[in-house]
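Structure at a glance
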Amino acid sequence: MNLLRAAAAALALGLAALAGSAPALAQTFIPGVVYDPAIPTIESVLDKPSGERITPSADVVRYFRELEKAAPGRIKVTPYAKSWQGRELVYAVIGSTERMANLDGFSADMKALADPRRTSASAADAIIARTPGSVWLAHGVHGDEISSADAAMMTAYHLLAAKDDPAVARILANTLVFIDPVQNPDGRDRFVNGFYDTLGLAPAGSPIAAERNQQWPGGRVNHYLFDMNRDWLSITQPETKGRIAIFQQWFPLVFVDLHEMGTDSSYFFSPEADPYNPDITQSQRESLKVIGRNNARWFDQFGFSYYTREIFDAFYPGYGAAWPLFHGSIGATYEQASSRGLVGRKSDGTDLTYQDTVRRHFTSSIATLETMSINREKMLRDFYAYRASAIEEGRKGAVRTYLIPPQADQSTADRLAKLLAEQGIDVRRATADIRACRKTYPAGSYAISLAQPAGRLARTLLEPQVALDAKFMQEQERRRAKDLEPELYDVTAWSLPLMFNVTTDRCADEATGPLAAFSAETPLPGAVTRPEAAYGFLAPWGSTAAVRLLAAALREGIAVSSADVAFTHDGRAYPAGTLIFRKSATDDLASKLSRLAAATGADVVGVDDSWITDGPSFGSDRVVSHKAPRIALAWDTPTRAASAGNLRFVIERQFGYPVVPVRTSDLAGADLSQFDVVILPDGGDYAGVMGDDGAALRGWMERGGVVIAMGQAARFVSNPKSEMSSIRRETAYHAAKPDKPDAAKSTTPGTELTTADALHAAEAPVEESPDASPGALVKATPDMDHWMAAGLKPSLNVLMTGSDIYTPVRRDEGVNVVSFAGPAELLTSGYLWEETKRQLAFKPFVVVEPKGRGQLIVFTQNPTVRAYLDGLNVLVANAIFRGPAHASPPR
């Protein structure tokens, strides 16, 4: 019986079994439900019934701990991570006493099903016969999407305490329920504290009420202001790391991510909107429909409105509800209209209460658990079949193996290999020469075969291009022609080798030779070669490991300089930016560098003398000394919280160097002489906070400071009133500019429109921005003669989003250090509008303009978005470390 027929048969039972459970569920939020008094209610533990209070994260965890005390044989609560601010993240498993007693066996069985290479079809049959289904309910990854955590408590209580409920009995007989009640405790508590700080005598539903309007940065993001629903590909945050690890311990068959959306909406559940990622199978799509149909039946019974197949698509694999799909699970997004407080006033004048929102998330959770209980066997078989078919696809595909050879930025190549392994992808490392596609790869190369259970995940992460459905994109072009918003929810490109700028070969053969299993825990420390060297040490520039070494050396007061251009020493070529350490300038230098190299992964070479055979000598003007820069990062409005936080994370956690967040309003008038660098992250109306002319910042820069503007902060520094940058933001290019009507006249000369294209041209605004890019990776080329390009590869990959395109800087004003490639080679991955492709070609990505004694560095796109553009790390480091070395100290 297929999945759809199984669901239909269950629905036709009757609502005999199902009708018996629905009235009980309807009483969940009103008196009359029969519950086991031995199970503590939410009110008995937290003093308020479900939905009458927005519960802080610690109280949510406390309630789950109390449930565990009351029913230790039916619920188990386990910590899996700690947030940056030290809050504990836990998950609970709920099941029958029999199922809970065999959790270790369940984990072993799911891992066996997950690997058909060692589990035969007959062995799988035996496992499926004894194994329960499993559903993972993940709540509140965005901390200000508040209702799901309170729904998590109600779901757990109902499963443990409801008596004589056929739906619960069926669920517990056939299903293990995993509940992650608070995925983002730092963000949730930021919201909760702000809400109760402004709550008055009675809750206010007004959309402008202080309690419903969050102050920057809001509760959506975690401590480093990450949108953790987009962190599943790069796994930068401890909360995400914990979730990735526990997913692979249990391999839940269904993973539901419960969210909130705008107050005027209703409720969204599966199936998702188009486009779907091509590595999501038809079987998975059918399962999403079955889940959605049963959710709809429950919502219909209670008169709850909902919608499906709109807005929330399934193309980008980096969401919490998408990533599990590529392991063979069913991943689903649920979105509830948010009261964003205890009550929210809708535009039609009606009120949405917090209790309403909690109840709907609770209802969809129980409905989904019921769907699993009915379809347990089918979903287990589908999971095994997905993993087996991934192996077969990998054996037969045009690409069978990806290979990562040793390269100059080995630390980033190693980071990529570890990241893949951490996601459950089999990665092997060559212990000696290996062969693939008639080519020899040396020891240290990585091989990723697609003939593995996680082969589809490997492919979607490593392929340079994941195809969008052609008909879908034709519809987007039609919509764009009418100035309608494109129906793409996130970026169209995410290839990890391209974002990391790591050379990765695609091969139609399997790699052969000595290959060892590689894990994310494999240590790969750097080392000092020839620590006994007489003169000093050189550390080649061009890797994130070298950046970490520079940052650590500066923090420890180690004297260091670097060359602006490449040089040759003792027959070895060293790239521009290479770090130079002299023994005469630092005591006990060898042992200090040995310790730092081991910690940072950098390679350091000892040299006996300073004799250079090609390039500048160490005493040349083209060798600059580094001092530890004092960095201020614009913080608070109008910066985009995620942009400011992601940038801070890259500098502090990936580079290992501290920054000082300074509220943007203080930058307008504070004494900035205490800083060497001021960074303006991607943001909105800087002029509204700092003044149109930015006089204080400009004056400090001209006295020797370095200003770095990123993303839309470029709009501020390129504003003519600021007199900072000479570049200007462009309007959309039109071959034939539309005439601007004479405002003084009531008529205008007549025209003839002979085609629909002519009408479209006539409808164009006189001035408009280029159409916004939904997110594509584009190629950019550095000017390798400039100090900002030190250590860079000949080409870079930049994530192009939005509509900002800038004029090049003129040669007498500055240098276009990195420019976008020509139109024929610009797009490296994803989808870019043709007009954008032509207009963006050869325009600047990075501009450097000397200003008095200081420097202005402008990134026209955000280089640290989501902290997953590792291939741009050296460029960012050049700005913050080499920029001050090329400016006179501020005075």
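Predicted model, so just to flag it, every value in this text is computed and none were measured.

Section: the overall build of the protein
When its secondary structure is counted, the protein shows 28 helices and 36 strands. Whereas a compact globule of 891 residues would reach a radius of gyration of roughly 29 Å, the protein reaches 29 Å, a difference of no more than 12%. On the principal axes, the C-alpha backbone points of the protein span a range of 85 × 80 × 60 Å. By the burial criterion, 59% of the 891 residues in the protein qualify as buried. Long-range pairs, those at least 24 residues apart, make up 80% of the contacts in the protein with a sequence separation of at least 6. A total of about 33,600 Å² of accessible surface is found on the protein, and carbon and sulfur atoms cover 50% of it. The protein carries 92 positive and 103 negative side-chain charges, and their two centres are separated by 3 Å.

Things to note about the pairing of strand β24 (residues 579–582)
As judged from the four bridges shared by strand β20 (residues 536–539) and β24, these two strands associate in the antiparallel manner. Opposite Phe537, over in β24, you have Phe581 as the bridge partner. Bridge analysis of strand β21 (residues 560–563) against β24 gives two bridges, and the strand direction is antiparallel. When the sheet's bridge partners are listed, Ser561 is paired in β24 with Ile580.

Section: the packing of aromatic side chains
Throughout the structure, instances matching the rule amount to 48 aromatic pairs. Geometrically, the ring pair formed by Phe302 and Phe304 is tilted, given 5.7 Å between the ring centres and 45 degrees between the ring planes. This pair shows no difference in class: Phe302 is buried, exactly as Phe304 is. Site record: aromatic cluster; members linked through ring pairs are Tyr267, Phe269, Trp298, Phe299, Phe302, Phe304, Tyr306 and Tyr334. Here the basic side chain of Arg359 rests over the ring of Phe302, its NZ or CZ set 5.5 Å away from the ring centre.

A look at the environment of Phe842
By secondary structure assignment, the location of Phe842 is in the loop between α27 (834–840) and β35 (844–851). In this structure, the C-alpha to C-alpha distance between Phe842 and Ala821, residues 21 residues apart in sequence, is 5.4 Å. Beyond its immediate sequence surroundings of up to four residues, Phe842 is in contact with Ser819, Phe820, Ala821, Gly822 and Pro823.

Observations regarding the packing of helix α12 (residues 282–302) against helix α13 (residues 354–374)
In contact at an axis separation of 9 Å, α12 and α13 are set at 135 degrees when each is read in the N-to-C sense. Here α13 runs oblique to α12, going by the angle between their axes. Between α12 and α13 lies a crossing of right-handed hand. Facing α12, whose interface residues are Val290, Ile291, Asn294, Asn295, Arg297, Trp298, Phe299 and Phe302, α13 presents Arg359, Arg360, Thr363, Ser364, Ile366, Ala367, Thr368, Glu370 and Thr371.

Regarding the confidence of the model for the protein
Of the residues in the protein, 95% reach a pLDDT of 70 or more, and the chain-wide mean stands at 93. Contacts for the low-pLDDT stretch residues 1–27, under 50 throughout, to residues beyond four places or in other chains number 49 contacts.

Quick word on the sheet that holds strand β4 (residues 175–180)
Whether parallel or antiparallel, the strands of a sheet pair through hydrogen bonds between backbone atoms. The seven strands lie next to each other as β1-β2-β4-β3-β5-β9-β6, forming an open sheet whose pairing is mixed. The sheet is open, and its two borders are formed by β1 (75–82) and β6 (267–268), each paired with just one other strand. Across eight bridges, strand β5 (residues 254–261) lies against strand β9 (residues 330–337) in parallel orientation. Across the sheet, the residue bridging to Val256 is Ala332, located in β9.

A word on helix α9 (residues 166–174)
Every buried residue of α9 is accounted for by Ala167, Val168, Arg170, Ile171 and Leu172. By the N-cap criterion, in which a side-chain oxygen at the helix start approaches the backbone nitrogen of a residue two or three places on, α9 is capped by Asp165, the distance to Ala167 being 3.0 Å.

Focus on the pattern of salt bridges
Tallying each qualifying case throughout the model produces 55 salt bridges. Among the ionic pairs, Asp109 bridges to Arg130, the shortest N-O distance being 3.0 Å. With a gap of 21 residues between them, Asp109 in helix α6 (residues 103–113) and Arg130 in helix α7 (residues 121–130) connect regions that are remote in the sequence. On the basis of relative accessible area, Arg130 is assigned to the partly exposed category, the value being 48%. A salt bridge links Arg188 to Asp150; its shortest N-O distance comes to 3.0 Å. Of this pair, Arg188 sits in helix α10 (residues 185–198) while Asp150 sits in helix α8 (residues 147–161), placing them 38 residues apart in sequence. Here Arg188 and Asp150 have matching classes, each one buried.

The rules behind each value
Chains are numbered independently. Their residues run from 1 in the order of the written sequence. For a predicted model such as this one, the threshold for reporting local features is a pLDDT of at least 70, and the threshold for listing and counting side-chain atom pairs is 80 or more; totals across whole chains, interfaces and linings nevertheless cover every residue. Only hydrogens and water are set aside when side-chain values are computed; all heavy atoms of the structure are taken into account. Secondary structure elements follow DSSP: runs of H or I of four or more residues count as helices, runs of E of two or more count as strands, with numbering from the N terminus. We take the radius of gyration over the C-alpha atoms and set the globule estimate at 2.2 Å times the residue count to the 0.38 power. Buried means the residue's accessible area, taken with a 1.4 Å probe over protein chains only, is under 20% of the maximum for its type, while exposed means over 50%, and partly exposed covers the values in between. Throughout, a residue-residue contact means that at least one pair of heavy atoms, one from each residue, lies within 4.5 Å. All accessible areas in this document rest on Shrake-Rupley with a 1.4 Å probe, and a residue is counted as covered only by the protein chains that are shown. Charge assignment: positive for Lys and Arg, negative for Asp and Glu; neither His nor the chain ends contribute. By convention, the charge on Lys lies at NZ, on Arg at CZ, on Asp at CG and on Glu at CD. Strands are labelled as partners when DSSP assigns at least two bridges between them. Each pair of aromatic rings taken from Phe, Tyr and Trp, with Trp reduced to its six-membered ring, is defined by centres within 6.5 Å and is described as stacked if the planes are under 30 degrees apart, edge-to-face if over 60, and tilted in the remaining cases. In this scheme, the term charge over a ring applies when either NZ of a lysine or CZ of an arginine sits within 6 Å of the ring centre and within 35 degrees of the ring normal. Angles shown run from 0 to 180 degrees and are taken between the N-to-C directions of axes, each axis being a line fitted to C-alpha atoms and, for helices, limited to the stretch in contact. In this scheme, roughly parallel covers angles under 35 degrees and roughly antiparallel covers those over 145, while 65 to 115 is roughly perpendicular and the rest are oblique. Crossing handedness is defined as follows: a turn of the near helix away from the far one that is anticlockwise and smaller than a right angle gives a left-handed crossing, while the clockwise case is right-handed. As a per-residue measure, pLDDT tells how confident the predictor is, with possible values from 0 to 100. Here a polar contact is recorded for every N or O atom pair within 3.5 Å, except that within protein the pair must consist of a potential hydrogen donor and a potential acceptor, and residues adjacent in sequence are included only if both atoms are side-chain atoms. The salt bridge criterion pairs a side-chain nitrogen of Lys or Arg with a carboxyl oxygen of Asp or Glu, the two atoms within 4 Å.

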